[in-house]
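Chain by chain, the residues:
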Amino acid sequence: MATSIYAFVKQKLMRHGAHKSHDGRIILENSRVFLAFVRLERTVRMNDFQAVQSAVGFIENCLFSLGKRHLVVFAYMYLKFSDGTPNYVKQAQMEDGSVHISSKYHRPVTAEERLIADWGRHMCNWLGRDLLRLVYLSNHERHHKNADIPSTFEASLPDHR
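Rules and cut-offs
- Residues numbered from 1 in each chain as written.
- Predicted model: local features only at pLDDT ≥ 70, side-chain atom pairs only at ≥ 80, totals over all residues.
- Heavy atoms only, no water.
- Salt bridge = Lys/Arg side-chain N within 4 Å of Asp/Glu carboxyl O.
- Helix = DSSP H or I, 4+ residues; strand = E, 2+ residues; numbered from the N terminus.
- Buried < 20%, exposed > 50% of the residue type's maximum accessible area, 1.4 Å probe, protein only.
- Phe/Tyr/Trp six-rings, centres within 6.5 Å; stacked < 30°, edge-to-face > 60°.
- Lys NZ or Arg CZ within 6 Å of the ring centre and 35° of its normal.

Draft legend 1. Highlighting the pattern of salt bridges. As enumerated under the stated definition, the model contains four salt bridges in all. Lys68 serves as the salt-bridge partner of Asp23, at 3.0 Å between the closest nitrogen and oxygen. Separated by 45 residues along the polypeptide, Asp23 in helix α2 (residues 22–29) and Lys68 in the loop between α4 (49–65) and α5 (73–80) bring together distant segments of the chain. Here Arg45 makes a salt bridge to Glu41, at a shortest N to O gap of 2.6 Å. Placement of the pair is Arg45 and Glu41 together in helix α3 (residues 31–46), with a separation of four residues, close to one helical turn. Judged by its relative accessible area of 48%, Arg45 falls in the partly exposed class.

Draft legend 2. Focus on the packing of aromatic side chains. Counted by the stated rule, this structure contains three aromatic pairs. Residues Phe49 and Trp119 carry aromatic rings whose centres are separated by 5.8 Å and whose planes lie at 85° to one another, so their mutual orientation is edge-to-face. Separated by 70 residues along the polypeptide, Phe49 in helix α4 and Trp119 in helix α6 (residues 111–143) bring together distant segments of the chain. The residues Phe49 and Trp119 share a single accessibility class, namely buried. An aromatic cluster is defined as three or more aromatic residues linked by ring pairs; in this entry it consists of Phe49, Tyr76 and Trp119. When the ring centre of Tyr78 is taken as reference, the NZ or CZ atom of Lys12 above it lies at 4.1 Å. Positioned over the ring face of Phe8 is Arg45, at 5.3 Å from the centre of the ring.

As C-alpha cells, this is what we get:
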C-alpha cells in the first residue's frame, strides 16, 4: 500500500531528527510549517529547481514569522538526502593527472534531480552545522534559562524572502 505524502514527509523529517528538539518539533506540530514541507516534497517530485527554491523560501518565511528561521536547516537536509544524492561516489586518478569521478544512484535520476540535491547538499554543508547548533542550543536554553543563543548567525543566512 502506498504511503500518503503526509506520512512520507513526516517520516523523512523524523529520520532527520526534527522530533529530537523542542524547536524541531515545531516543524511536525505547526500545520502551516508542516504543510510547507509537504509543498516542498511536491515540488521535489515535479523536478523543478526554481519551484524547489521557492518552496524553501516559503518554509523560511513561515519559520521567520515564528522566530525560528534556523529550522530551515531541515529543508536543506530534506533536499540533501534525496534520490538525487548519489549512494556511492568513487574518485580515480587518471594517468594524465585528471580525476575521474563516478557516482552510483539508487535509481536513474535526471539532471534536475541532481541539481536539487546538489543545492540542498551545498546549503547544508555551508550552513548546516551552525544551524543545527542553534537548533540544539535553543533546546538547551529551555532547560537553562541563562544561556544565550548567539544572534550573529542571522547575517550568514541567505535571504530568500
